[in-house]
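If you want the building blocks of each chain, they are given just below.
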Amino acid sequence: MANTFGFGGMSNHIADMMFSKYIFIIGANPAVNHPVSMVHILRAKEAGAKIVVIDPHFSKTAAKADEYHRIRSGTDIALVYGMLHHIISNDLHDKKFLEERVYGYEEIIKEAMKYTPEEAANITGIPADEIRHIAEDMAKAKPATLIWNQGLTQHTVGTSNTRIMPILQMFLGNMGKNGGGVNILRGHDNVQGSSDMAANPDVLPGYYSLAESSWRHFAKHWQVEYEWLLSRFKDKKMMESPGFAHSTWKFGVIDEENAANNGGTMIRALVVIGTGMTSVSLLELQKKAMDKLELVVFIDPYVNDLAIYSDKTDNIFLLPAASQMESSGSVAATNRSYQWRSKVMEPLFECREDQEILFDFAKRFGFLEELQRSLYKIAQADGRKEFIWPEDATTELTQAVRSIGLQGMSPKRLKAHQENWHMFDKVTLAGKGEFEGEYYGLPWPCWSDKHPGTPVFYNDSIPVMKGGMGFRVNWGDTSPDGQSMFSARTLPNAKIAGHSFVSAANAESLGIKLTSEEKKAIEGSTFALGYGNNILVEKALEAGLCPYGNGKARAVVWNWYDKIPLHREPLHSIRPDLVAKYPTFPDKPNHYRANIKYQSRQSEKDWTKEFPINMLSGRLVSHMGTGTETRSAKYLAEVHSEMFIEIHPEKAKELNVKDGDMVWVYGTMGTRALIKAKLSYRVDVNSVWVPQNFSGMEQGQSRLDKYPEGTAAYAIGESANMISSYGFDYNSACPETKCGLCRIEKA
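All values derive from a computational prediction rather than experimental measurement. (Residues numbered from 1 in each chain as written. Predicted model: local features only at pLDDT ≥ 70, side-chain atom pairs only at ≥ 80, totals over all residues. Heavy atoms only, no water.)

This paragraph deals with the domain arrangement of the protein. Once the domains are mapped, the protein shows domain 1 (1-184), domain 2 (191-404) and domain 3 (576-746). Of note, the centres of domain 2 and domain 3, computed from C-alpha atoms alone, are 29 Å apart. With 33 residues of domain 2 in contact, the opposing surface of domain 3 contributes 35 residues. Taking both sides of the interface into account, the surface hidden between domain 2 and domain 3 amounts to around 2,900 Å²; carbon and sulfur atoms contribute 58%. The shortest N-O distance in the salt bridge between Asp311 and Lys706 comes to 3.8 Å. Put simply, domain 2 and domain 3 have 25 residue pairs in polar contact (both at pLDDT 80 or more) between them. Top element by residues in the side of domain 2 that touches domain 3 is helix H17 (residues 283-292). It accounts for four residues. (Domains from an automatic or database assignment. Contact = heavy atoms within 4.5 Å. Buried area = accessible area lost by both parts, 1.4 Å probe. Salt bridge = Lys/Arg side-chain N within 4 Å of Asp/Glu carboxyl O. Polar contact = N/O pair within 3.5 Å; in protein donor to acceptor, adjacent residues only side chain to side chain. Helix = DSSP H or I, 4+ residues; strand = E, 2+ residues; numbered from the N terminus.)

And the structure:
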């Protein structure tokens, strides 16, 4: 999504679904994974919205839907093109929206014409008439919203999936509308926040690129010299290169060829803080890599699942971190609102808050003074000798992260919202009384301390000071073929239509009036790159302009391998007959510092001859993520106490397997897992489904003896990622865990 529109996040918010007439859920199971969101979805249904679920697995969300359609995993793009074929052929698309606000939509039309509903049906498994029906219903519903989650992202074409869905919504004119948009449900608070704060290895906080201009911007805010930051890297090339991803680090340990992508060296140490490592594919390779490392450190309130898979006997450390109840600060909700979380209690026993551990690391590495310098600067400006954590850190980040507009999110405003949440409307998020003119949590962009926040992205029918905005201008004023990337529409209260992002260089040409003192204060800055003041942004707001510009969304991303989303068969496709027509990508060297296979893996052999069953995975409502915490909670462990695999009764009969039998599940990477069979019609006859919330077993053997005394979970089981297939998204390296192949034998 970030590369289609320029931002990464939910376009609307959960309660906004009350305005929807049609809720299209694909690759998501909110009844299990996002139960709070599901409450809002059901309320919208009660208010008249139709719920349609597309999923290869009959989920608990599907059970509550008006319609359920079973799709073959990995074919979402073909489904949307089949829908668009019918929508375009029957003149159901919003031509005005496309002409005024979308670049390259003509290429989407050309591609959609290749996918008749019959061709889409052949690929997806959804009958052609059902595809026509879905397309027509969704096109006529005004407005319709679209929800997805990891069922779309965890594929080799995951990024293309997350491009085709907003493209569908743009063809229907549903972007920038209450009750419309694309809504990517996050698993828990601060998934959005970790993304905003650069958990990804290819950006700096706020999605700034790794270019020198970005590093210099942050050097100013961090109160350090750019040259000092550069000295922390081997060279400038490494400073500006993406790092290893969560999914690729293991290849930097076990495959010598990847040293060339990493400054000539292999990874020798691993520090894990706040992430479930067994949620990533190819667990056996993670174990192999971990055992080869010289040093492994886990920082967690619980024993990280990956730790117990290691056979290391030394230099593996578990540092007890404080829980969320024992810390405070801002967290980002799924809708881009930032909320203040207060500390309930002091950390127990030896547990320490994250910043204390990281400050100690910095001290031992010799850069504690540089790390804390900006915090002391903020304290001094307030007449204090010592900084206050986390308030001063929040001030620092909100002033530095201007690209997505965090300037207005002061700790003072966030705390006031937390303490007065009852003063905000639960459906619109609009404040009342002293909070009139603000939206709860100040969803970004929140451009200034006077800006209300932005509950709905891309709504260009309201003024910018009420949360209005067009699409971001992030790729130049013109496309490579010479077309303008500016919108044809004008925001209310603005005097000009589409325009570039606001900078000191173009401010006056955009009608922004500046005094000589203001010109001097903003010299050389842009809305995103600047230090010391917010003059340029505030002046843009006064002129009715959105600081990042008013442009067109890109249906064509000219700098990517697939310039428009294309259906490509999974690496391990259950339909090998379609591989020649819809092949995967070419192999990709240096993909997040690892050489990743695509075409060579897909064409290695006909995988279905040895592994004839499609394997799906998902979550259980009683367990969160890898289940590290929830399986350590006695009563939650009792709800789902053992790993299982759902098998269609007809397939079970073919395999001579009865309900409750133990079976061996063999994956395409030479691994296997011992799991209890559960006969179920929730899967089709050629697919099985496993939950991803278990660990503690390794290919039939218990690892309970590897837990430190008193820390073992109440429930253990085989990890789904011990048998997941090889595969990674071509742009983000997200692991392809939502479709793979396996073989099942009775144990």
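Within this numbering scheme, the UniProt entry marks residues 615-738 as carrying the feature "domain: Molybdopterin dinucleotide-binding" (unreviewed entry). In the segment residues 615-738, helix accounts for 10% and strand for 27%; the C-alpha atoms at its two ends are 8 Å apart. (UniProt positions renumbered as here; feature names shortened; annotations may be inferred.)

Before going further, it helps to spend a moment on the packing of aromatic side chains. Each aromatic ring pair is summarised here by two numbers: the centre-to-centre distance and the angle between the ring planes. Applying the stated criterion across every chain, the model contains 32 aromatic pairs. Ring centres of Trp447 and Phe527 lie 6.1 Å apart, and the angle between their planes is 70°; on these two criteria the pair is classed as edge-to-face. With Trp447 in the loop between helix H21 (411-419) and helix H22 (516-521) and Phe527 in the loop between H22 and helix H23 (535-542), the pair connects residues that are 80 residues apart, well separated along the chain. Looking at Trp447, the relative accessible area reads 1%, which means it is buried. The exposure class assigned to Phe527 is buried, which follows from its relative accessible area of 5%. One aromatic cluster is present, formed by Phe97, Tyr207, Trp444, Phe457, Tyr458 and Phe471 through successive ring pairs. If you follow Arg216 out to its NZ or CZ, it ends over the ring of Tyr226, 4.0 Å from the centre. Seen from the ring of Phe457, Arg336 lies directly overhead, with NZ or CZ sitting 3.8 Å from the centre. (Phe/Tyr/Trp six-rings, centres within 6.5 Å; stacked < 30°, edge-to-face > 60°. Buried < 20%, exposed > 50% of the residue type's maximum accessible area, 1.4 Å probe, protein only. Lys NZ or Arg CZ within 6 Å of the ring centre and 35° of its normal.)

Here we come to helix H8 (residues 117-124). For H8, a buried count of six out of eight residues is recorded, marking the element as mostly surrounded by other parts of the structure. The complete set of buried residues in H8 reads Pro117, Glu119, Ala120, Ala121, Ile123 and Thr124. Buried-residue contacts for H8 involve helix H5 (76-89) and helix H9 (128-140). Just downstream of H8, Gly125 is the residue with a positive phi angle, here 90°.

It is at 9 Å that the axes of H5 and helix H11 (residues 158-171) come closest, and there the two elements cross at 15°. The orientation of H5 with respect to H11, classified from their angle, is roughly parallel. As for how H5 packs across H11, the hand of that crossing is left-handed. From H5, Asp76, Ile77, Val80, Tyr81, Met83, Leu84, Ile87 and Ile88 reach across to H11, where they touch Ser160, Asn161, Ile164, Met165, Leu168 and Phe171. When grouped by side-chain class, the residues that make up the contact of H5 with H11 number eleven nonpolar, two polar and one charged. (Axes fitted to C-alpha atoms, helices over the stretch in contact; angles between N-to-C directions. Parallel < 35°, antiparallel > 145°, perpendicular 65-115°, else oblique. Left-handed = near helix turned anticlockwise from the far one by under 90°. Nonpolar A, V, L, I, M, F, W, Y, C, P; charged D, E, K, R; others polar.)

Look at H9: 19 Å from first C-alpha to last across 13 residues, which is about the 18 Å you get at 1.5 Å a residue. Along H9, the positions that sit buried rather than exposed are Ala128, Ile131, Ile134, Ala135, Met138 and Ala139. Buried residues of H9 fall within an arc of 125° about the axis and therefore sit on the same side. With respect to the buried face of H9, the exposed residues turned more than 90 degrees away are Asp129 and Lys140. (Expected span 1.5 Å × (residues − 1). Arc of directions from axis to C-beta.)

Moving on: the sheet that holds strand E6 (residues 182-184). Ordered in space as E3-E2-E1-E5-E6, the five strands form an open sheet in which the pairing is parallel. Two strands bound the open sheet, and with one partner strand each, they are strand E3 (67-69) and E6. Across the sheet, the axes of successive neighbouring strands diverge by a mean angle of 20°, strand direction being ignored. Bridging between strand E1 (residues 22-26) and strand E5 (residues 144-148) involves four bridges; their strand directions are parallel. Bridge assignment links Ile25 to a residue of E5, and that residue is Ile147. Packing against the sheet, H9 makes contact with E1, strand E2 (50-54), E3 and E5, and its axis sits at approximately 135° to E1. (Pairing = 2+ DSSP bridges.)

If you walk across this open sheet you meet the three strands as E7-E8-E9, and the pairing is parallel. Among the strands making up the open sheet, the edge pair consists of strand E7 (269-273) and strand E9 (316-320). This sheet shows a mean twist of 10° between the axes of neighbouring strands, independent of strand direction. Sheet topology places strand E8 (residues 295-300) next to E9; five bridges connect them, and they run parallel. Bridge pairing links Val297 to Phe317 in E9.

Bridge analysis of strand E13 (residues 588-591) against strand E14 (residues 594-596) gives two bridges, and the strand direction is antiparallel. Within E14, the position partnered with Lys588 by the bridge is Ile596. The antiparallel pairing of E13 with E14 creates a hairpin that spans two residues between the two strands, and Tyr592 there sits at a positive phi of about 50°.

Turning to the nonpolar core, a few remarks are in order. With 138 residues, the main nonpolar core has Phe24, Leu84 and Trp249 as its most contacted residues. Counting residues per element, this core draws most heavily on H5, at nine residues. Counting 26 residues, the second largest nonpolar core, distinct from the first, contains Val663, Val665, Phe694 and Ile744. (Core = buried A, V, L, I, M, F, W, Y, C linked by side-chain atoms within 4.5 Å.)

For the bond running from Lys142 to Pro143, omega is 0°, close enough to zero to count as cis. Mapped onto the elements, Pro143 comes out in the loop between H9 and E5. The linkage connecting Trp389 with the following residue, Pro390, adopts the cis geometry, with an omega of 5°. Tracing the chain through its elements places Pro390 in the loop between helix H19 (368-381) and helix H20 (391-400).

This brings us to the packing of H5 against H9. Running from N to C, H5 and H9 cross one another at 65°; their axes reach a closest spacing of 9 Å. By the angle between their directions, the pair H5 and H9 is classed as roughly perpendicular. Crossing hand, H5 versus H9: right-handed. On H9, the residues that touch Leu79, Gly82, Met83, His86 and Ile87 of H5 are Ile131, Arg132, Ile134, Ala135, Glu136, Met138 and Ala139. For the contact of H5 with H9, the class distribution of residues is eight nonpolar, two polar and two charged.

A surface patch of nonpolar side chains, about 560 Å² in accessible area, is lined by Met325, Val344, Met345, Leu348 and Phe349. On the secondary structure map, Met325 appears in the loop between E9 and strand E10 (329-332). (Patch = residues over 30% accessible without salt bridge, like charges linked within 9 Å, V, L, I, M, F, W, Y side chains within 5 Å. Areas by Shrake-Rupley, 256 points an atom, 1.4 Å probe, with all protein chains shown as cover.)

Right, let's get into the UniProt feature "domain: Molybdopterin oxidoreductase" (unreviewed entry) in the protein. Per the UniProt entry, the sites bearing "domain: Molybdopterin oxidoreductase" (unreviewed entry) are residues 10-364 in this numbering. With 39% helix and 13% strand, residues 10-364 has end C-alpha atoms that lie 39 Å from one another.

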